[in-house]
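# Chain and residue survey
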Amino acid sequence: MESMEFFYTVEPKKVSVSKEDFQKFINEYPRKLTFDCTGICDPPAISYNDFELANRWPYSIVANTWAYSDDPNDYYYSENPRYYIVKNYEEVFASKTGNKA
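Reading the values: the criteria
Residues numbered from 1 in each chain as written. Predicted model: local features only at pLDDT ≥ 70, side-chain atom pairs only at ≥ 80, totals over all residues. Heavy atoms only, no water. 1 Å grid on protein atoms, 1.4 Å probe; cavity = no way out; pocket = protein on both sides within 12 Å on 5 of 7 lines; lining within 4 Å. Points joined across faces, edges and corners; volume = space filled by probe spheres on them. Helix = DSSP H or I, 4+ residues; strand = E, 2+ residues; numbered from the N terminus. Nonpolar A, V, L, I, M, F, W, Y, C, P; charged D, E, K, R; others polar. Buried < 20%, exposed > 50% of the residue type's maximum accessible area, 1.4 Å probe, protein only. Pairing = 2+ DSSP bridges. Arc of directions from axis to C-beta. Contact = heavy atoms within 4.5 Å.

Let us now look at the layout of surface pockets. The computed volume of the largest pocket comes to approximately 170 Å³. Contributing to the lining of the largest pocket are Lys 19, Phe 22, Gln 23, Phe 35, Ile 46, Tyr 48, Thr 65, Trp 66, Tyr 68, Ser 69, Asp 70 and Tyr 83. Where the lining of the largest pocket is concerned, the elements lending two or more residues are α2 (19-28), β3 (45-49) and β4 (61-66). The element best represented in the lining of the largest pocket is α2, accounting for 3 residues. Among the residues forming the lining of the largest pocket, the class breakdown is 7 nonpolar, 3 polar and 2 charged.

The next thing to look at is the pairing of β4. Counted residue by residue, β4 has 6 buried out of 6 residues, so it is predominantly covered. Relative to strand β5 (residues 83-86), β4 is paired through 2 bridges, and the arrangement is antiparallel. Across the sheet, Ala 63 pairs through a bridge with Ile 85, a residue of β5.

Moving on to the pairing of β5. With 4 bridges connecting them, strand β1 (residues 14-17) and β5 associate as antiparallel partners. Following the sheet pairing, Lys 14 is matched in β5 by Val 86.

All of the buried residues in α2 are Phe 22, Phe 25 and Ile 26. One side of α2 carries all its buried residues, which in axial view fall inside an arc of 95°. Facing away from the buried side of α2 by over 90 degrees, the exposed positions are Glu 20, Asn 27 and Glu 28. At its buried positions, α2 is contacted by β1, β3, β4, β5 and α3 (89-94).

Structure follows, in structure tokens:
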């Protein structure tokens, strides 16, 4: 598996955000994002990927969360859902090496 430095030279800085800020980030992201839902964990992991940044997961992830439910009776309900975005995505994109895996 390639290392992060193979794809870009600036380390992505992930920050925790609110659900509203997460959705705003997804809606306003300047390039096409590819949604991925991976069911190997409970709740399933969700990521949004910029394959122009890196053509390989997990280096393409610019936002991630889990498949939470707002219904307290649902199996995937959480009182403390977590949402993360890469706050320096423009800087990371500007440092792309152009390498393809």
